[in-house]
Amino acid sequence: MNLNYKKVPTTLNSEELLDKAFKRASKISASSERLRAITKITTASNVIQDYLDKIIKAHPSYERIPPFYRELIDILVGINKIRQALGSLAWAKSQISRLTKIYIRELKKTKDIQRVRKEAYGRISSVVHQINPHLEFLNHTRNQLKQLPALMDIPTVVVAGFPNVGKTSLVSMISTVHPKISSYPFTTTGIHVGFFEVGDQQCQIIDTPGLLDRPLEKRNPIERQAILCLKYVADIMVFILDPSTHCGYPLEDQLHLLQEVKREFPVPIIEVNAKSDLHSFHERLRISTHTGEGIDQLIEEIRKRLKSVQKDAQTETY
Ligand SMILES: Nc1nc2c(ncn2[C@@H]2O[C@H](COP(=O)(O)OP(=O)(O)OP(=O)(O)O)[C@@H](O)[C@H]2O)c(=O)[nH]1
Ligand SMILES: [Mg+2]
């Protein structure tokens, strides 16, 4: 499923929106001064209301989207804040509609057309300025969320482990996605989705941010994105350990995290000792993205596990 935030238009700030509305209104010509003033206000008001409506409608209904996306959006920007912002746009729209009616009524009978028109413009502008923080927040939201990962409904492998252990290096080596790799922790700050083939099966592989060994309530928003992938989308997890400790974290802490993850997420786990070019531990499957050691065996292991996961799923269905 893919929430297409690219369809959500860039949100103008209050100045830009008013500018757009009043510019459109300034082009109006009419046979009398009174009619011109009425049409100007109606035009400006419609431009603003249509625009606010377009923004409101472009957002999905946050109660109905899958929990993975709902929680991810909540981590990245906060669903309550989005709701509040959209609520304020709806409020502004109704205020503007109310003011427009009042001033059109007044314009029909006033002798001082220019004064009433100016007052109407002033009151409409003041409403739009009031929601400026919300307009700016929604623009920030849109820019953040248009990068949401597009997940497909195909077998999914999630790569997890401590920061800096080599998760991205592996995902980049075996799939279509190439996020940034570097020698410091928390290089990966979001979810990256790549594709690769196992036999004739297309699979999805997700590179996640590193996890530290600590309780959920202490986890930062970057780590919580990795947790979401394990909770909602993983058919198989590849858990990467770096026994060389070049990552900067003791192996003991990494093993403790592995135990916690096993307890927390009922997903088949392939445990891997990465950076095999830097150590001589032999307990688990050894891989190195630098020498290529163990990569084919890992893909074969993924193939086998996916087969048994699919079999289990079929058994459950029948
Ligand atoms: N020697 C050696 N270094 C490796 C290997 N794989 C990765 N590295 C190095 O380890 C460092 C971290 O690699 P990343 O792939 O960015 O690690 P990560 O787990 O994605 O890190 P975060 O995104 O910060 O959680 C980089 O300097 C890589 O070059 C390997 O097989 N051998
Ligand atoms: Mg990474």
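Residues numbered from 1 in each chain as written. Chains lettered and ligands numbered in written order. Predicted model: local features only at pLDDT ≥ 70, side-chain atom pairs only at ≥ 80, totals over all residues. Heavy atoms only, no water.

So, the coordination of the magnesium ion (ligand 2)
The condition is simple: Only nitrogen, oxygen and sulfur atoms within 2.8 Å of the metal, or 3.2 Å for Na, K and Ca, are treated as donors, and water is left out, so sites may look incomplete. Numbering of helices and strands runs from the N terminus, with a helix taken as a DSSP run of H or I at least four residues long and a strand as a DSSP run of E at least two residues long. For each residue, the accessible area found with a 1.4 Å probe, counting protein chains only, is set against the maximum for its type, and the residue is called buried under 20%, exposed over 50%, and partly exposed in between.
Protein coordination at the magnesium ion (ligand 2) comes from T168 (OG1) and T188 (OG1), with a distance range of 2.0 Å. Of the two residues, T168 sits in helix α7 (residues 167-174) while T188 sits in the loop between α7 and β2 (192-198), which places them 20 residues apart along the sequence. We classify T168 as buried; its relative accessible area is 8%. Classification of T188 by relative accessible area gives buried; the value is 8%.

As for the pattern of salt bridges
We count it as follows: Each salt bridge in this description consists of a side-chain nitrogen of Lys or Arg and a carboxyl oxygen of Asp or Glu lying within 4 Å of one another.
Counted under the stated rule, the structure contains 18 salt bridges. Measuring nitrogen to oxygen at the nearest pair gives 2.8 Å for the salt bridge that ties K57 to D53. In this pair, K57 and D53 are both assigned in helix α2 (residues 33-58), 4 residues apart and thus about one turn of the helix distant. Overall, K57 belongs to the exposed group, its relative accessible area being 64%.

Focus on helix α6 (residues 132-145)
Going by this rule: By definition here, a helix of n residues has an expected span of 1.5 Å times n minus one. In what follows, a contact means two residues having at least one pair of non-hydrogen atoms within 4.5 Å.
Its 14 residues give α6 an end-to-end C-alpha distance of 20 Å, which sits within 8% of 20 Å, the value for a rise of 1.5 Å per residue. Lining the buried residues of α6 we find α1 (14-26), α2, α3 (67-76), α4 (79-109) and α5 (113-130).

Here we look at the site of ligand 1
Our working rule: Near is defined per residue: the residue qualifies when any heavy atom it owns lies within 4 Å of the molecule or strand. Distance and chemistry together define a polar contact, namely a pair of N or O atoms within 3.5 Å, with one atom able to donate a hydrogen and the other to accept it when in protein, and with adjacent residues in sequence counting only for side-chain atoms on both sides. Three classes are used, and their members are as follows: Ala, Val, Leu, Ile, Met, Phe, Trp, Tyr, Cys and Pro are nonpolar, Asp, Glu, Lys and Arg are charged, and the others, Gly among them, are polar.
Among the 22 residues in the neighbourhood of ligand 1, the closest are listed as K167, T168, S169, F186 and T188. G166 has a polar backbone atom sitting 3.0 Å from an oxygen atom of ligand 1. One nitrogen or oxygen atom from the main chain of S182 is found 3.4 Å from an oxygen atom belonging to ligand 1. Per-class residue counts for the shell around ligand 1 are 7 nonpolar, 12 polar and 3 charged.

Brief notes about the domain arrangement of the protein chain
The line we're drawing: Either an automatic procedure or a domain database provided the assignment from which the domain bounds are taken. Buried area is understood as the total, over both parts, of accessible area removed when two parts are fitted together, assessed with a 1.4 Å probe.
Assigned domains of the protein chain: these are domain 1 (5-145) and domain 2 (156-317). In this structure, domain 1 and domain 2 have C-alpha centres spaced 46 Å apart. Contacts between the two partners involve 6 residues from domain 1, matched on the other side by 9 residues from domain 2. Between domain 1 and domain 2, a total of about 680 Å² is buried, with carbon and sulfur atoms accounting for 78% of that surface. When the buried area of domain 1 at its contact with domain 2 is split by residue, F68, E71 and I75 rank highest and sum to 77% of it. Taken together, the connections running from domain 1 to domain 2 amount to 1 salt bridge. A salt bridge links E71 to K231; its shortest N-O distance comes to 3.6 Å. Linking domain 1 to domain 2 there are 1 residue pair in polar contact (both at pLDDT 80 or more). Along the lines of polarity and charge, the residues of the side of domain 1 that touches domain 2 split into 5 nonpolar, no polar and 1 charged.

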